[in-house]
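Notes for the structure review
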Amino acid sequence: MKSFVGGRVTITLSDITREAVDAAVNAANGSLMGGGGVDGAIHRAGGPGILAACKQIRATRYPDGLPTGEAVITTAGRMPARYVIHTVGPVYRGGNSGEAGKLANCYRNAISIAAERKLATLAFPAISTGVYGYPSVEAAAVSSQAIERALDAHPSIREVRLVFFRESDAETFLRHQVFTR
């Protein structure tokens, strides 16, 4: 559809569970045990290996659940991606509860984990814009700015795909993104 940041960010219409990338990013809930939306789709597509890895993370690193804005990496199981990076987006509460910073952290932390693992390609859903209620217009600005800054900090990341399931969501993002190049 369109690309930004010197071709390193692409906008696409697809099913994120079918993206052949180094890591697909999961808009997870804090329990890491699966759920609805993207989270449920990733757990279903990837199979039991993802859940087993998430249970191990809960048992060893995050017994109370993954905090909002943080990210962890697991196998992708049966998905074409090699890994899944799980991140918990903020529930939107009107925009005055630090939601923008937490949403930006989701993108920054996922890209940082990918760079640490020497991964080069990622696919992101529109984090928090579903049942968590983050307005798509505001999320477009926050996420595009966070992605561009994270890519500037991590030149080894070759491609970030922003994967939209519906064309109307992709069009909203394109109208309200704030990439500078």
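Our subject in this report is the structure included herewith. (Residues numbered from 1 in each chain as written. Predicted model: local features only at pLDDT ≥ 70, side-chain atom pairs only at ≥ 80, totals over all residues. Heavy atoms only, no water.)

Turning next to the overall build of the protein. Looking only at helices and strands, the protein has five helices and seven strands in total. Referenced to the eigenvectors of the C-alpha coordinate spread, the extents of the protein come out at roughly 40 × 35 × 30 Å. Buried residues in the protein amount to 50% of all 181 residues. Of the contacts formed within the protein by residues at least 6 apart in sequence, a portion of 69% connects residues at least 24 apart. Accessible area for the protein stands at about 8200 Å²; split by element, carbon and sulfur atoms hold 49% of it. (Helix = DSSP H or I, 4+ residues; strand = E, 2+ residues; numbered from the N terminus. Buried < 20%, exposed > 50% of the residue type's maximum accessible area, 1.4 Å probe, protein only. Contact = heavy atoms within 4.5 Å. Areas by Shrake-Rupley, 256 points an atom, 1.4 Å probe, with all protein chains shown as cover.)

The subject of this paragraph is the pattern of salt bridges. A side chain with one charge can pair with a side chain of the opposite charge if their charged atoms come near. Summed over the entire model, instances satisfying the criterion amount to six salt bridges. The partner of Asp152 in a salt bridge is Arg181, with the nearest N and O atoms 2.4 Å apart. Here the residue Asp152 occupies a position in helix α4 (residues 136-153), and Arg181 occupies one in the segment after α5 (167-176), the gap between them amounting to 29 residues. For Asp152, a relative accessible area of 45% gives the class partly exposed. You can call Arg181 partly exposed: its relative accessible area is 45%. With a shortest N-O distance of 3.0 Å, Arg166 and Asp169 are connected by a salt bridge. Assessed through its relative accessible area of 51%, Arg166 is described here as exposed. Several salt bridges share partner residues, and in doing so they unite Glu19, Glu159 and Arg161 into one network. (Salt bridge = Lys/Arg side-chain N within 4 Å of Asp/Glu carboxyl O.)

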